[in-house]
Each structure stands twice: as C-alpha cells, then as structure tokens.
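Coordinate analysis (summary)
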Amino acid sequence: MLNIHSLCTEYTNELGQPVKAAQDINIEVPEGHFFTLLGPSGCGKTTTLRSIAGLERPKSGEITVSGVTVYSGSRGVFVPPNQRGFGMVFQSYAIWPHMDVFTNTAFPLQVGKARYSRAEIEAKVMKVLAAVQLDHLRDREATKLSGGQQQRLALARALVMEPKLLLLDEPLSNLDAKLRELMRFELKRLQRELRITTVYVTHDQSEALALSHQVAVMNQGRIQQIGSPRDIYERPQNQFVADFVGSTNFVEGIVRSCESEADCYVIETEIGALRSVSVERVNVGDKVVLSIRPEDVQLTDEKPADVGVNSWQAMVAQKVFLGEAIDFRITIANRTLLSRTHPSVRTPIGHPIWAYVNPNKSVAMPAVAS
Ligand SMILES: Nc1ncnc2c1ncn2[C@@H]1O[C@H](COP(=O)(O)OP(=O)(O)O)[C@@H](O)[C@H]1O
Ligand SMILES: [Mg+2]
C-alpha cells in the first residue's frame, strides 16, 4: 500500500552544513497494517513521517501510495500535502478550544473540497465519535475534556475524512502513564476495527511492540532492522537493536564451531562455551557478541542434570524485589549477568545459585569494531 524506496531527507544547520536526517529509507506497508518507526530522539522518525506527509521535501527517493507516486526525486514528482489525503496527528495536536466535540470533528469535512449535506456530516461525525467512544460527549466543549479524551478527539478529526493512510507522530506522549496504556489499547482496537493503514512514530519500545504488525528500528537516520515485534525482540540483528528494544546482557565471544543442521553455534566466551543462535550467518573464528535477555537467564537452587551445557554455578551478588519479579545480579567467573526471575526464587545474597540459558535465547551478532 505504502512503498518508500531509497528515501533521503536532509536539512541545513546554522553553519550551512547538511544534516542527513533520514538516509536510504526503504519501507513497505501492506494495506491495513500498523507500521511503527521506533528509535531514540533525533534518529529521523519525524523527518521520515513528514516526508511521507509531504511536509518536508526529500532530497531523493520515491514514495508511492496505492500505486500512485506522491514523491519521486528522479521524475520530479511532488504532490502537495493537502492533495495526498492522509490523516495526521502530531505530538502537539491542536484541537479548537472554542468549539465543542462535534464541531471540532466536523471541521475537516466543512473546509475540504468535497461538499457534504448536513445529514451526511452528522452521520460521518457520529460514526467516528462512536469509534473513539466520544459520541456521548458530542456537545461538550473541547477544553472541558480530559487529556485522553482530547487525544481521542484529535484522532477522530484525523479519521473523519476516512483517510487511506493515517500518520501518527508520538500521539500519546502528552498523557500520563496510566492513560497512555489505556489509549494504547483503544488505538489498537480502533486501527484493527477500521483497518486503516497506519504509520506510527514513537521512541517508546513497549508502545511499538504492543501496537504494531511491523516495527522499523531507526538510529542516526538509518533503519537498523524491520520485523514483527517478536522478531525485533527475540532476534535482534545488531547490538543497537538488542539494547534499544528491551534490556539485555551482552557477552563477547568467538565462534568455535557451527552445527549447520541445527542452526546452532558454539561460542567461546568469558563465562565458558555457549550454544547460541544467530540471525545472520557467522563463521568459525569470528568475533561476536551474544545478547541474552534477563528473563532468559533462568535461576534455580537445584543442580541441573547436565552442567556445562549453557549452565553454570553462579553467585548471587545483588537482588531487587519488583513485586511480580526479582532482578538478580549474579556473577559467573568475574562477569555479572542480570536475571529477571520469578519471586519464588529466594536465594540470599552471597549464596551459590545455578543459572541456565536456553541456546535458542542466546543470540549471536557480529561484534562492532571499536
Ligand atoms: N527543521 C530542521 N532543521 C534542521 N535540522 C533538523 C530539522 N528538523 C530536524 N532536524 C535534525 O534532523 C535529525 C532528525 O530529527 P527528527 O526527524 O526530528 O528526529 P526524531 O523524530 O527521531 O526525534 C536531528 O538531528 C534533528 O536535529
Ligand atoms: Mg520526532
């Protein structure tokens, strides 16, 4: 539905030098999908979204929507933003304070090119207000809405034109934590219900994982990895992705052998040999880094049957009780690992404990030369 090919967008800074904000962006979003650009502040998410909207003029590349080219650097095509027909909600969404909920939502229909009868406007507005669950507040003044209701109103206004593409830039960032989580569910329900193709921008990894069909992780203007939330979390391709999406333990090592049929590598590390998987092919002798999520470092007081195969005796160095889990810091051969464990594990600090890592949960990636 949305296809972006080799998109580059640059700015000029105060010194007149080019700032490469989005570089070689390639994205394909199928009809009805929820696609998220995830990355730290300044990585180029907003620039990419504004380029799709037509609010920035890219330097090069192609953008097509349902087969229609809205931007092409090589062919000199640039469709102005108001002719692209996309719905948008930005971080600092503006609702009109002197209008009530109904009038706010109806506004885009009244100023647009198409002419609608009063009855048509009534039907369209009430349909989207029902979808965002604001229909019972149609006559309420916009300023008398809670933060979450204002957010939903901004969404209703973006949806009322029934856009083929919805662009959302950190639309939940102004809300407190509880409301943000609630809105996350509502947004997901609404998007799935209406099947509107959506490109969503956030720096919040749990938001990205919770909402998306596909996530593109960005850093310094470039996409690092595109995949399903589970792919991104369980099979990160590089250290940036592993570190940015969730927390992880990095363990350096060298590839000692490779069992191709099992797709399993044996990696020699500072804590011993570890059976591991890898997203990209690595070769015997390569320097790699293993990413092991804290919840995949399993702890037990009982000695496992086959010590030596991804299991070690460790020492409890520190622990933090979190209610639903306990974070243990354990040491193995001078190395500290973080383990997130069920609170039933009660081994005291300074005592020995057994640790085990499933080979499937130890992910090798090429070490970055530093
Ligand atoms: N209008 C602008 N002029 C100059 N530089 C800009 C402008 N907008 C963004 N940038 C720079 O482009 C880079 C990407 O910014 P942005 O796309 O806003 O990142 P994000 O949305 O991921 O936080 C940053 O280095 C930012 O400072
Ligand atoms: Mg931004």
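Starting afresh in each chain, residues are numbered from 1 along the sequence in its written order. Whichever chain is written first becomes A and whichever ligand is written first becomes 1, with later ones labelled in order. Thresholds applied to this predicted model are a pLDDT of at least 70 for local features of residues and 80 or more for the giving and counting of side-chain atom pairs; totals over whole chains, interfaces and linings are not thresholded and use all residues. Here the side-chain values reflect all heavy atoms present in the structure, with hydrogen atoms and water set aside.

Attention now moves to the packing of helix H2 (residues 101-111) against helix H3 (residues 118-131). Between H2 and H3, the least distance of the axes is 10 Å, while the angle of their chain directions is 120 degrees. With respect to each other, H2 and H3 are oriented oblique. Both H2 and H3 take part in a crossing whose hand is right-handed. Taken together, the residues of H3 that come into contact with H2 (itself represented by Val-101, Phe-102, Thr-105, Ala-106, Leu-109 and Gln-110) are Ile-121, Glu-122, Lys-124, Val-125, Met-126, Val-128 and Leu-129. Within the contact of H2 with H3, the residues separate by chemical class into nine nonpolar, two polar and two charged. For every element, the axis is a line fit to its C-alpha atoms; helices are fit only across the contacting stretch, and the angle between N-to-C directions ranges from 0 to 180 degrees. In this description a helix means any DSSP run of H or I spanning at least four residues, a strand means any run of E spanning at least two, and both kinds are numbered starting from the N terminus. Any angle that falls under 35 degrees is termed roughly parallel, while one over 145 is termed roughly antiparallel, one within 65 to 115 roughly perpendicular, and all others oblique. Whether a crossing is left-handed or right-handed is set by the direction in which the near helix is turned from the far one by less than a right angle, anticlockwise for left-handed and clockwise for right-handed. For this analysis, residues touch if any pair of their heavy atoms sits within 4.5 Å. Here the nonpolar group is Ala, Val, Leu, Ile, Met, Phe, Trp, Tyr, Cys and Pro; Asp, Glu, Lys and Arg are the charged ones; every other residue, Gly included, is treated as polar.

In a soluble, globular protein the nonpolar side chains are often hidden away together inside. By nonpolar core we mean a set of buried residues, namely Ala, Val, Leu, Ile, Met, Phe, Trp, Tyr and Cys, connected to one another through side-chain atoms within 4.5 Å. Think of it in three bands: with a 1.4 Å probe and only protein chains considered, a residue is buried below 20% of the maximum accessible area for its type, exposed above 50%, and partly exposed in between. Val-125, Leu-153, Leu-155, Leu-159, Leu-168 and Tyr-200 are the most contacted members of the largest nonpolar core, which has 34 residues in total. For this core, the elements supplying multiple residues, two or more each, are H2, H3, helix H4 (147-159), strand E8 (165-169) and helix H5 (177-194). With near-sequence residues (within four places) excluded, Tyr-200 lies in contact with Phe-34, Phe-35, Thr-36, Leu-37, Leu-168, Pro-171, Leu-172, Leu-187, Glu-207 and Leu-211. Core analysis: the next-biggest nonpolar cluster, separate from the first, contains 26 residues, Met-1, Leu-7, Ile-25 and Val-79 among them.

This brings us to the domain arrangement of the protein chain. Delimitation of the domains relies on an automatic or database domain assignment. Domain boundaries assigned for the protein chain yield domain 1 (2-239) and domain 2 (247-301 + 308-366). Distance from the C-alpha centre of domain 1 to the C-alpha centre of domain 2: 39 Å. Each partner contributes to the interface: domain 1 provides eight residues, whereas domain 2 provides 13 residues. Joining two parts hides part of their accessible area as seen by a 1.4 Å probe, and the buried area is that hidden amount summed over both. Approximately 960 Å² of surface area, both sides summed, lies buried where domain 1 meets domain 2, with 49% of it carried by carbon and sulfur atoms. The largest contributions to the domain 1 side of the interface with domain 2 come from Tyr-233, Arg-235 and Gln-239, which together make up 60% of the buried area. In this structure, the salt-bridge partner of Glu-234 is Lys-361, at a minimum N-O distance of 3.9 Å. Polar contact is the term for a pair of N or O atoms within 3.5 Å; when the atoms are in protein, one must be able to donate a hydrogen and the other to accept it, and sequence-neighboring residues count only if both atoms are side-chain atoms. Where domain 1 packs against domain 2, one counts three residue pairs in polar contact (both at pLDDT 80 or more). Here the residues of the side of domain 1 that touches domain 2 sort into three nonpolar, three polar and two charged. Any Lys or Arg side-chain nitrogen located within 4 Å of an Asp or Glu carboxyl oxygen qualifies as a salt bridge.

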